[in-house]
2 protein chains.
Amino acid sequence: MSHQFHHSAEDLIRHNGGKVTAGRVGILAVLLAEQQAITHREIEQRLPQTLQLDRVTLYRVLEWLAGKNLIHKVSSDDRVWRYHANRDVSSHQHAHFKCTGCAQVICLETLPVERNWQLPAGYRFQEIELTVKGLCASCC
Amino acid sequence: MSHQFHHSAEDLIRHNGGKVTAGRVGILAVLLAEQQAITHREIEQRLPQTLQLDRVTLYRVLEWLAGKNLIHKVSSDDRVWRYHANRDVSSHQHAHFKCTGCAQVICLETLPVERNWQLPAGYRFQEIELTVKGLCASCC
DNA sequence: AGATAAATGCAACAATGTTGCACTCATTGT
DNA sequence: ACAATGAGTGCAACATTGTTGCATTTATCT
């Protein structure tokens, strides 16, 4: 299964002018293979046995990938960043869903925010972060 | 300035069946006096010199106050909880604004979320957390 | 005032994430 | 193919936020 992700990962990294290292390819491949946004822990667990990276390297690779816009970070109420590959849905703003049962986080397609609303006078808008909480299908 | 807050705090705590201790009253008074949602750090700094509490006590008091619905916790992307007294606006769902310049967090009046949107099939909705990011009036 | 349970302080721990520095290795040019 | 180079990595140490267990203190009730 991972061959194609491995290959895409390599391409994406090369195209962005970074060194193609085992760590970067492996991490990006893991994220490409994953539907949900996952934590640094979960990424570690999904990496092949032959590729054990230092925690610091993992953080730095994730930071680099996010900087190149290949992945994005999702903040959550448990003080843990989750990461998700930037596919179709990810270039534009979108909301996230977090299951309060299993802590799974997925990206939703849309950002269901009304058009007409105002910040207090003098405030400037930059972006919106929206997390819907509830129970996922498995936890219902 | 703090006399009235101090007094309100005492009342609120007593009404909720808790022991009226200096720590609880002081912390709630600080939060009542504050417009923004502030961190545990900022609460510590605003406490009078004569009332220095252990970090653990502060956390436990905040947890207790939140459990009694006298304050609410606001999660943020910097992995730090912020706390805000439950006034008028706070009993219902509302959005928060976080300034990317000074990290100030305020509560917005409304939750500008559309009515008609769906979670994936089998998912159950519980609540929404919405944070608008941008620059506050001072940071613009 | 004394009894009692609730609240607090201390020490130790856990998890996530960051920084500095030396070393390795992917890439580039020859 | 190989050497030079700087980007990437690993290690150790640290910072911050928050939690847990247990002994001690204190607000409240009678």
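Structural data are supplied above this passage.
Residues numbered from 1 in each chain as written. Chains lettered and ligands numbered in written order. Predicted model: local features only at pLDDT ≥ 70, side-chain atom pairs only at ≥ 80, totals over all residues. Heavy atoms only, no water.

(A) Region of the structure containing the pattern of salt bridges. In this structure the tally under the stated criterion is 16 salt bridges over all chains. The salt bridge partner of Asp-78 of chain A is Lys-98 of chain A, with a shortest N-O separation of 3.1 Å. With Asp-78 of chain A in the loop between β2 (71-74) and β3 (82-85) and Lys-98 of chain A in strand β4 (residues 96-99), the pair connects residues that are 20 residues apart, well separated along the chain. Note that Glu-127 of chain B is salt-bridged to Lys-133 of chain A, the shortest N-O span being 3.8 Å. Of this pair, Glu-127 of chain B sits in strand β6 (residues 124-135) while Lys-133 of chain A is found in strand β6 (residues 124-135), placing the two residues in two different chains. If you follow the salt bridges from partner to partner, you end up with Asp-77, Asp-78, Arg-82, Lys-98 and Lys-133 of chain A together with Glu-127 and Glu-129 of chain B in one network. (Salt bridge = Lys/Arg side-chain N within 4 Å of Asp/Glu carboxyl O. Helix = DSSP H or I, 4+ residues; strand = E, 2+ residues; numbered from the N terminus.)

(B) Summary view of the pairing of β6 of chain A. Taken together, the four bridges between β4 of chain A and β6 of chain A define a ladder with parallel strand orientation. Across the sheet, residue His-96 of chain A finds its bridge partner in β6 of chain A, namely Thr-131 of chain A. Note that β6 of chain A and β6 of chain B share 11 bridges and pair antiparallel. Within the sheet, the bridge partner assigned to Ile-128 of chain A lies in β6 of chain B and is Val-132 of chain B. (Pairing = 2+ DSSP bridges.)

(C) Geometry of the protein's contact with DNA strand C. Around DNA strand C, the structure places 22 residues, and the nearest of them are Trp-81 of chain A together with Thr-21, Arg-24, Thr-57 and Arg-60 of chain B. Each atom of DNA strand C within 4 Å of the protein was classed as base or backbone; sugar and phosphate made up 55%. At 2.8 Å, a side-chain N or O of Arg-55 of chain A approaches a base nitrogen of DNA strand C. Between Thr-57 of chain B and DNA strand C, the recorded distance is 2.6 Å, taken from a side-chain N or O atom to a phosphate oxygen. Looking at the surface near DNA strand C, the elements that each hand over two or more residues are α3 (40-46) and α4 (55-67) of chain A together with α4 (55-67) of chain B. (Near = heavy atom within 4 Å. Polar contact = N/O pair within 3.5 Å; in protein donor to acceptor, adjacent residues only side chain to side chain.)

(D) Region of interest: the protein's contact with DNA strand D. Close to DNA strand D lie 23 residues; Lys-19, Thr-21, Arg-24, Thr-57 and Arg-60 of chain A are nearest. A distance of 2.4 Å separates a phosphate oxygen of DNA strand D from a polar side-chain atom of Arg-24 of chain A. Here a phosphate oxygen of DNA strand D and a backbone polar atom of Val-20 of chain B are 2.9 Å apart. Within the residue set of the surface near DNA strand D, elements represented by two or more residues are α4 of chain A together with α3 (40-46) and α4 of chain B. Taken together, the residues of the surface near DNA strand D sort by class into eight nonpolar, four polar and 11 charged. (Nonpolar A, V, L, I, M, F, W, Y, C, P; charged D, E, K, R; others polar.)

It is worth stressing that arrangement in space is one thing and function is another; only the former is reported here.
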